[in-house]
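A closer look at the structure
Listed below, chain by chain, are the residues.
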Amino acid sequence: MYSSTIKSCSTLKSTLRQTINLSILNTLLPQCTSINHFNQILSQMLLTGFIKDTFAASRLLNFSTHSIFIPFHYSLRIFTHVGNPNAFIWNTLMRAHLERNNSPRDAIFLYRLFLGSENAIPDNYTYPILLRCCTARSSDLEGKEIHCHVVKLGFDSDVYVRNTLMNLYSVCGNMMSARKVFDESPVLDLVSWNTILGGYVQVGDVKEAECVYSRMPERSTIASNSMIVLFGKKGCVVQARQVFDDIQLKDMISWSALVSCYEQNGMYEEALVLFVDMNAHGIMVDEVVAVSAISACTHLAIVKTGMSMHGLALKVGIDAYVSLQNALIHLYSSCGTIMDAQKLFNDGFLLDQISWNSMISGYLRYGSIEDAKTLFDSIPEKDVVSWSAMISGYAQHGRFSEAVAMFQEMQLHGIRPDVTALVSVISACTQLAALDLGKWVHAYISKNKVQVNVILGTTLMDMYMKCGSVENALEIFYAMEQKGVSTWNALILGLAMNGLVEKSLNMFADMKISGTLPNEITFMGVLGACRHMGLVDEGRRYFSSMTQEHKIEPNVKHYGCMVDLLGRAGLLKEAEELIESMPMAPDVATWGALLGACRKHHNNEMGERVGRKLIQLQPDHDGFHVLLSNIYASKGNWVDVLEIRGIMAQQGVVKTPGCSMIEANGIVHEFLAGDMTHPQINDIEHMLDVVAEKLKIEGYTPTTSEVSLDIDEEEKESALFRHSEKLAVAFGLITIAPPTPIRIIKNLRICNDCHTVVKLISKAFDREIVVRDRHRFHHFKHGSCSCMDFW
C-alpha cells in the first residue's frame, strides 16, 4: 500500500498544486481515525514535497508512532523521506522503537546513526530515552557509555536525565553508581528520592534504605509502601508496622504490603486480622492481598475462613485471577477438601503451570497417588516442579521403587532435578538399600556442581549410613561447610547403628564443642548408642544430663530407650520400675522393649505378664503376639501357643513375614521367608546346599529353639534355612563378586540362628556381609560381627 502511494505521488507531483500546509496538517491529524485517512494526508505531504518541512514531518511522524492503527514500518518509511531530521524526530523514532516495537537494541543503533548525521544534536530528551533502552536490556555497560555522552554534552545537570540514570543503575543492581549520581545531583526532586530508595529496596539493603527514607524531605505513600515491602522481605515486622502506622494517606498497596509482610513472616493470625480491618475500612481488595490472606488460612488450616475469602473474591470480581485460583486450590487440597480443589481446577479457564503443579501436589498430599499420576501424564508441559512433586509423593507414601523409576524417567527427558527431587530419590534409595543408585545420584550432584546444602548433605549422609557405607558418610560430613543439628544427629545415630558406638559418643562431644545445641533427637541417638553396646552406666549418665545439663525433658521415647538398655543388660526389675516411675503413660513400644528383654533373658514369668498386658493394649500388633507365643514355645507350652494363635486368628492379626532386600547390578531383589518364586531359585537352592556343607565343616548346629512350631527337628532345620536373609545371602554369593560387600536390609530383627549362620558364611567364603535389621547394622567379617553378639 505504501509503495503504490509513493508511485502515484511521483507521477502526479508535477501536475498538482500545493493542497496542504501546516495549518491544514494540524487540523487534519486529530481527525484522522483510520489508515485510509492517514494515507490521504501522507499522499498530499509526499506529492507537494511538504514532507521535506522538518517541523511538518515531525508532526506527522509523532502522530504515526503514537497511533495504534498505523503499522510501525510506516513510520520507518516516512523517516527516510525527511530531508533534515531534527533532534525531536530522532527522539520520536527512538522512543517508538522502545515503546511500540519493543526494540531497545534498534533504538540504540538509531542513536549511533543520529550521531553521524549532519546538523543533528542530541538534546535533554534524547538521553532519558536511551537510558530507558539500556534499562530494558539490563545493560549496565551500555548505560555507562551513554552516561559518558551525557557528561560530555553537558546534560548531567538535568534532573530528568539524572533520575533516569539512577533508575538504570538501580535496576542493574549497581547501587554504588546510582548513589554517586544521587549524591552529585545539584537538584533533587521527589522522583530522585523515590528512585534511589527504590534501588536500595530492590537490592534488599535495609540499612541504606532506612537512611534515605529518614532523610527524605517528603515521604510519599509510594516510598512508605516500598519500605513496608522491604521490611517484610527482611523479617523486620515491627519496623514495617511503624511505617504503616505513620502513613497519612494509606492506599490499597499500603494495606496489602503489611498483610503480605505478616504472612511472609509466619504471623498468620495478624495477617487475617489486618485483612478484616482493611475490608472494614472500605479499602478495595485486589488479588494480591487476597492471595496473602488465603495463604494465611492455608497455614492455619482454617478452611472455613478461606471459603469466606473465596466468597469475597467472587463478590468483588477478582476470582478469575490465576494466582488467586492457585492459592485456593492449595488451600482446599491442603485442608483435605480435595473435591473443592478439583472443581476449581476443572472449572478454571486460565490455568498455568502452577495450577497443574498445585493440583498434583494436592492429590499427593491427600494420598490420591493414582489421580496425581493421571494428571501428571496429561499435563501440557512438565517442569522440574511437576517431576519433583511426583518423586516426592511416591517417596512420602512408601512407594520407593516408583520414586526411583520416576527419577530415572526424568533424566531421560533431560530435566535437571532440583534439591527436592534429589532429596526424595536419595531417601528412596535409603529405604530400598539401593546403594549403587544412591552413589550414582551422589556422582550426579558432584558432576553438575549442585550446591549441597544442609538438607541435601544430611540426606546423603543418612543414605550412606543406612546402607552401611560409613566411610562415604564421614567424607560428606567433613566436606560440609554448614552443619545443622540434623547433620550431627544423622552422624551420631548412623555411627551407633553401624556398631561404632565409641566414635558416635565422641562425635556427640565434638557436637557440643562446636556450639551446636543437642535436641531430643540427639539424645535418642546417644541413648541408642549406649543401648547397642550395653553401656548401662553411660546411658544412665546421659539420661540424667538431659534435664540437669541441657534442660531437655525426656519424652516417652527416651524412657523407652532406657528400658530397652536396662532390659538388654538383664536388669529387668530396674527396667520395670523405671516404667512405673515415668511421668507420662508408657506407650506400647516401651512395654514391648521389656517384653523383648524378657524373651532374651528367659524371664518367662514377667514375660507372660507383660505380654498379656500388651495384647490387651494393642490387640492388632502381631509382634507382641509372636513374642508371647515364642515365650510359651520355649517352655514347650504348646497349648498356650495355640491359644495365642487362636486369638490372632480371631482378631485378624497376621504375622508380618520376614523380608530381606538386596541390590545386585542396580536391581533391588526381595526375598520372603520360604520364598520359592525368585527366577533364580534353583541356583539359590544349590548355593544353600553348598553353604550347608561348608557350615557343617565349621561345626554349625541349627538353633531350632528359634522355630516356634510343634514339629520335628528336621522340619525346624529346614524352616530355619529358608529365612529371608539366608536366601538373600545365598543370592548375593551367586551374583555379587568379591571384594564387593553383600548388603542386605531385613524388615525384622535378625534371629540368633541367622546371625550365627551369616558369621560363619563370612568366614567360610571370606566375604564381607552387611545386614541391616529393624534395629541396627551387623557388619560380618572373618567370622565375627560388629555388634559383638549384643543386639
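Residues numbered from 1 in each chain as written. Predicted model: local features only at pLDDT ≥ 70, side-chain atom pairs only at ≥ 80, totals over all residues. Heavy atoms only, no water.

**Comments concerning the overall build of the chain**
As a reminder, the rule being used: Comment: elements are numbered from the N terminus, with helices defined as DSSP H or I runs of at least four residues and strands as E runs of at least two. For a compact globule the rule gives 2.2 Å times the number of residues to the power 0.38, and the radius of gyration it is set against comes from C-alpha atoms. Burial classes: relative accessible area under 20% of the type maximum marks a residue as buried, over 50% as exposed, and values in between as partly exposed (1.4 Å probe, protein chains only). Throughout, a residue-residue contact means that at least one pair of heavy atoms, one from each residue, lies within 4.5 Å. Here the accessible surface of atoms and residues is derived via Shrake-Rupley with a 1.4 Å probe, and residues count as covered only by protein chains that are part of the display.
Looking only at helices and strands, the chain features 43 helices and six strands. For the chain, whose C-alpha radius of gyration is 39 Å, the value lies well above the compact-globule estimate of 28 Å for 791 residues. C-alpha atoms of the chain, sized along the principal axes, occupy 130 × 60 × 50 Å. Out of the 791 residues belonging to the chain, those deemed buried represent 49%. The long-range share in the chain, meaning contacts at least 24 apart out of those at least 6 apart in sequence, stands at 62%. With an accessible surface of roughly 37400 Å², the chain has 54% of that area assigned to carbon and sulfur atoms.

**Looking at the packing of aromatic side chains**
Counted only if it meets this: When two rings of Phe, Tyr or Trp (its six-membered ring) have centres within 6.5 Å they constitute a pair, described as stacked for plane angles under 30 degrees, edge-to-face for angles over 60, and tilted for the intermediate range.
Per the stated rule, a full pass over the model turns up 20 aromatic pairs. Relative to W440, the ring of F407 has its centre 6.2 Å away and its plane inclined at 80 degrees; by these criteria the two rings are edge-to-face. With a gap of 33 residues between them, F407 in helix 25 (residues 400-412) and W440 in helix 27 (residues 435-447) connect regions that are remote in the sequence. Under the relative-accessibility criterion, F407 is labelled buried at 0%.

**Considerations on the packing of helix 13 (residues 206-215) against helix 14 (residues 221-233)**
What counts, and what does not: Axis angles are defined between N-to-C directions and span 0 to 180 degrees, where every axis is a line fitted to C-alpha atoms and, for a helix, only to the segment in contact. If an angle is under 35 degrees, it is roughly parallel; if it is over 145, roughly antiparallel; if it lies from 65 to 115, roughly perpendicular; otherwise it is oblique. The hand of a helix crossing depends on one turn: near helix anticlockwise from the far one by less than a right angle means left-handed, and clockwise means right-handed.
At a closest axis distance of 11 Å, the pairing of helix 13 and helix 14 adopts a crossing angle of 160 degrees. Relative to helix 14, helix 13 is oriented roughly antiparallel. You can see that helix 13 and helix 14 cross each other, and the crossing is left-handed. In contact with V206, A209, E210 and Y213 of helix 13, helix 14 contributes A223, S224, M227, L230 and F231.

**Here we look at the UniProt feature "repeat: PPR" (unreviewed entry) in the chain**
Where we set the bar: UniProt positions are given in the numbering used here, feature names are shortened, and annotations may be inferred rather than shown by experiment.
According to UniProt, the positions carrying the feature "repeat: PPR" (unreviewed entry) are residues 189-223, 251-285, 352-382, 383-417 and 484-518. Helix and strand shares over residues 352-382 are 77% and 0% respectively, and the end C-alpha atoms of the span are 11 Å apart.

**What to know about the pairing of strand 4 (residues 769-772)**
Here is the rule: Whether a crossover is right-handed depends on one test, that the path from the first strand over the helix to the second runs clockwise when the strands point away from the viewer. Two strands are counted as paired when DSSP detects at least two bridges linking them.
Neither face of strand 4 is open: one carries I769 and V771, the other V770 and R772, and all of them are buried. Regarding topology, helix 43 (residues 752-764) serves as the crossover connection from strand 3 (residues 742-746) to the parallel strand 4, and that connection is right-handed. Relative to strand 5 (residues 777-781), strand 4 runs antiparallel, the two sharing four bridges. The residue of strand 5 that forms the bridge with I769 is F780. Counting the residues between successive antiparallel strands, the hairpin from strand 4 to strand 5 contains four residues.

**A word on helix 34 (residues 556-568)**
To keep it simple, the criterion reads: To estimate how far a helix should extend, the number of its residues minus one is multiplied by 1.5 Å. In protein, a polar contact means a hydrogen-donor-capable atom and an acceptor-capable atom, both N or O and within 3.5 Å, with residues adjacent in sequence counting only if both atoms are side-chain atoms; elsewhere, any N or O pair within 3.5 Å suffices.
With 13 residues, helix 34 extends 18 Å from end C-alpha to end C-alpha; this agrees with the ideal 18 Å at 1.5 Å per step. The element helix 34 is extensively covered by neighbouring structure, given that 11 of its 13 residues are classed as buried. Contacts from the buried residues of helix 34 go to helix 32 (520-533), helix 33 (536-548), helix 35 (572-581) and helix 36 (588-600). Sitting at the amino-terminal end of helix 34 is N555, which places a side-chain oxygen 2.9 Å from the backbone nitrogen of K557. Two residues or fewer after helix 34 comes G570, characterised by a positive phi angle close to 90 degrees.

**A short note on the pattern of salt bridges**
A side chain with one charge may pair with a side chain of the opposite charge, provided their charged atoms come close. Here is the rule: Throughout this description, the term salt bridge denotes a Lys or Arg side-chain nitrogen within 4 Å of a carboxyl oxygen of Asp or Glu.
By the definition in use, this model includes 21 salt bridges. Notably, a salt bridge pairs R399 with E370, separated by 2.9 Å at the nearest N-O pair. Residue R399 is found in the loop between helix 24 (384-396) and helix 25, and its partner E370 is found in helix 23 (residues 369-378); the two are separated by 29 residues along the sequence. The class of R399 is partly exposed, set by a relative accessible area of 26%.

**Topic: the side chain of N163**
Relative to the helices and strands, N163 resides in helix 10 (residues 159-171). Its relative accessible area of 6% is what places N163 among the buried residues.

**Some points on unusual backbone geometry**
At the junction of P738 and P739, the peptide bond is cis and its omega measures out at 10 degrees in the coordinates. Topologically, P739 is positioned in the loop between helix 42 (724-735) and strand 3. Positive phi, close to 55 degrees, is recorded for K551, a residue that is not glycine. Mapped onto the elements, K551 comes out in the loop between helix 33 and helix 34. Even without being glycine, H602 reaches a positive phi, approximately 60 degrees. Relative to the helices and strands, H602 resides in the loop between helix 36 and helix 37 (604-617). Classification of H602 by relative accessible area gives exposed; the value is 59%.

**Points about the pairing of strand 1 (residues 659-664)**
In terms of burial, strand 1 is largely enclosed, as six of its six residues are buried. In strand 1, alternate side chains face the same way, and those of C659, M661 and E663 on one face and S660, I662 and A664 on the other are all buried. Here strand 1 pairs with strand 2 (residues 667-672) via six bridges, running antiparallel. Considered in strand 2, the bridge of I662 is made with H669. In sequence, strand 1 turns back onto strand 2 through a hairpin of two residues, with N665 there showing a positive phi of about 55 degrees. Here strand 1 runs beside strand 3; their pairing, made up of three bridges, is antiparallel. Paired with I662 across the bridge in strand 3 is I744.

**Considering helix 11 (residues 175-183)**
As a reminder, the rule being used: As used here, the arc is the angular range of directions from the helix axis to the C-beta atoms.
Among all positions of helix 11, only M175, A178, R179, V181 and F182 are buried. Buried residues of helix 11 fall within an arc of 160 degrees about the axis and therefore sit on the same side. Of the exposed residues in helix 11, those oriented more than 90 degrees away from the buried face are M176 and K180.

**Brief notes about the packing of helix 10 against helix 12 (residues 190-203)**
Applied cut-off: Residues are grouped as follows: Ala, Val, Leu, Ile, Met, Phe, Trp, Tyr, Cys and Pro are nonpolar; Asp, Glu, Lys and Arg are charged; all remaining types, including Gly, are polar.
With their axes 9 Å apart at the nearest point, helix 10 and helix 12 run at an angle of 5 degrees to one another. Between helix 10 and helix 12, the angle is such that the two are roughly parallel. Together, V159, N163, M166, N167, S170 and V171 of helix 10 and V191, S192, T195, I196, G199 and Q202 of helix 12 make up the contact between the two elements. Its residues assigned to classes, the contact of helix 10 with helix 12 comprises five nonpolar, seven polar and no charged.

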